[in-house]
Each structure stands twice: as C-alpha cells, then as structure tokens.
Amino acid sequence: QAGLVFSEVVTGRTTGRQVIAVARGLRDGNGAFLGIVYGILELDYLQTLFRFVDLGPQGSIALRRSDNNALVVRHPELPMEVNRPASDDNPMANAMAGGQQTATIRFVSRVDGIDRIFSAHSLSYYPLRFVVGISLADALAVRLCLWLLNGMLRQESRGRLERQLGRLRQMR
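Reference entry: report on the structure contained in this document. (Residues numbered from 1 in each chain as written. Predicted model: local features only at pLDDT ≥ 70, side-chain atom pairs only at ≥ 80, totals over all residues. Heavy atoms only, no water.)

## Section: the side chain of Asn 69
Phase 1 of the analysis: Along the polypeptide, Asn 69 turns up in the loop between strand 5 (60-65) and strand 6 (71-75).
Phase 2 of the analysis: For Asn 69, a relative accessible area of 16% corresponds to the buried category.
Phase 3 of the analysis: In this structure the side chain of Asn 69 is engaged in a polar contact, spanning 2.6 Å, whose partner is the side chain of Arg 129. (Helix = DSSP H or I, 4+ residues; strand = E, 2+ residues; numbered from the N terminus. Buried < 20%, exposed > 50% of the residue type's maximum accessible area, 1.4 Å probe, protein only. Polar contact = N/O pair within 3.5 Å; in protein donor to acceptor, adjacent residues only side chain to side chain.)

## Details of the environment of Val 131
Phase 1 of the analysis: For Val 131, the location among the structural elements is in strand 9 (residues 128-135).
Phase 2 of the analysis: A relative accessible area of 10% places Val 131 in the buried class.
Phase 3 of the analysis: In the structure, Val 131 is positioned 27 residues away from Thr 104 in sequence and 9.4 Å away in space, judged by C-alpha atoms.
Phase 4 of the analysis: Non-local contacts of Val 131, meaning those with residues more than four positions away in its chain, are made with Ser 60, Ile 61, Ala 62, Arg 64, Phe 118, Ser 119 and Ala 120. (Contact = heavy atoms within 4.5 Å.)

## Some remarks on the environment of Thr 102
Phase 1 of the analysis: One can find Thr 102 in strand 7 (residues 102-108).
Phase 2 of the analysis: Taking C-alpha positions, Thr 102 is 9.5 Å from Phe 130, a pair spaced 28 residues apart along the chain.
Phase 3 of the analysis: Discounting residues that sit within four places of it in the chain, Thr 102 has contacts with Met 96, Ala 120 and His 121.

## Things to note about the packing of aromatic side chains
Phase 1 of the analysis: Counted according to the given criterion, the structure contains three aromatic pairs.
Phase 2 of the analysis: Each ring, one from Phe 6 and one from Tyr 126, has its centre 5.9 Å from the other, and the planes form 75°; the classification is edge-to-face. Of the two residues, Phe 6 sits in strand 1 (residues 5-6) while Tyr 126 sits in the loop between strand 8 (115-122) and strand 9, which places them 120 residues apart along the sequence.
Phase 3 of the analysis: A relative accessible area of 11% means that Phe 6 is categorised as buried.
Phase 4 of the analysis: Given a relative accessible area of 38%, Tyr 126 falls into the partly exposed group.
Phase 5 of the analysis: Consider the rings of Phe 50 and Phe 130, whose centres lie 6.3 Å apart with planes at 75°: the pair is edge-to-face. With Phe 50 in helix 1 (residues 43-51) and Phe 130 in strand 9, the pair connects residues that are 80 residues apart, well separated along the chain.
Phase 6 of the analysis: Taking the relative accessible area as the measure of exposure, Phe 50 reaches 4% and is therefore buried. (Phe/Tyr/Trp six-rings, centres within 6.5 Å; stacked < 30°, edge-to-face > 60°.)

## With respect to the pairing of strand 5
Regular strands place their side chains on alternate faces of the sheet.
Phase 1 of the analysis: The element strand 5 is extensively covered by neighbouring structure, given that six of its six residues are classed as buried.
Phase 2 of the analysis: Burial of strand 5 is two-sided: the residues Ser 60, Ala 62 and Arg 64 facing one way and the residues Ile 61, Leu 63 and Arg 65 facing the other way are all buried.
Phase 3 of the analysis: Strand direction decides the pairing type here: strand 5 and strand 9, joined by six bridges, are antiparallel. Bridged to Ser 60 within strand 9 is Gly 133.
Phase 4 of the analysis: In the sheet, strand 5 pairs with strand 6 via four bridges, with the strands oriented antiparallel. Across the sheet, Ala 62 pairs through a bridge with Arg 74, a residue of strand 6.
Phase 5 of the analysis: The antiparallel pairing of strand 5 with strand 6 creates a hairpin that spans five residues between the two strands, and Asn 69 there sits at a positive phi of about 60°. (Pairing = 2+ DSSP bridges.)

Right, here's the structure in full:
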C-alpha cells in the first residue's frame, strides 16, 4: 500500500507550465481500490520563491528527487537538466546515498563549473530534497565584509570609549 506517488516533471495540458502530479490510491476499510486522489504542484511557484532567496550572484537552489536525484526545479534555471538524474559520481548524491537526511560539502559543479559549498536536506515524508549552494567566492566575500565591519565597529567603539574617558577626566 503505497503512500504518495510523485510524477516526473511534465508540462501541464491546460496551463502549458511545468508541473508535478502527486497521487495516492484511495481504498475502503477492506483495502478495495476506490480510485485515485491527486493534485498538481506548479513549479513556477517554487521558481518564484527560489528567486527571492539571496545566495549571492553565483548561488543556486534546487529541488531534486531523493529517489533518483533527478532535477525538479532550480534557480538559476537549467531547463535541459530537468528530470535528468545527477551522475553516479555526483558528490552530493554520494554524500546522501547512505540515507542521511542532511549533508554539507564543497565541490565544483559540473553544470556551470562554479566552486560551491552545498547543503542538502531530504524531506521526511516525500521523495524530495532541497539543495542550496553558495559559491566559495561569495562566501569568502561575506566573511571578509563581516571581518571589516567588525574591525570598523571596534574602531568606532574604541573612539567612543576614548571620548567618554576624556570627558570623565575633564570632570575631575
């Protein structure tokens, strides 16, 4: 008795948009088949949400199937990769192969050649996994900005403290 079943990405007949069909068999108390209940997940909705996630100019976010590692939807988009499973030697697919729910690793993407730090999280009850990547260059740039900001704040705090100490000395 299967739970939810997810289709590959298909083009919806009525909308012409990319969708996934989600279905489940409906049975009575004795287990007799009564029919199918299904719904459609429009991937444009996810694509819109993904656009609002700021991962830097070279970041990426994707939804993949966890049963065969096929790409469902990604930002930036890669239409030619949809429904194509990750290669057998894909580092993230291998990191998740042992049934781990999450993994974080660094590797150069074969699709666009960008060195990224990727984190993946498989959904508990569905054969889907989110994979988020931030380029190493962007991550280091953020780290450098934080380091510089921290230094400036320390300098500002030190100046403020020295001014207050100077005022206290004058009050004596």
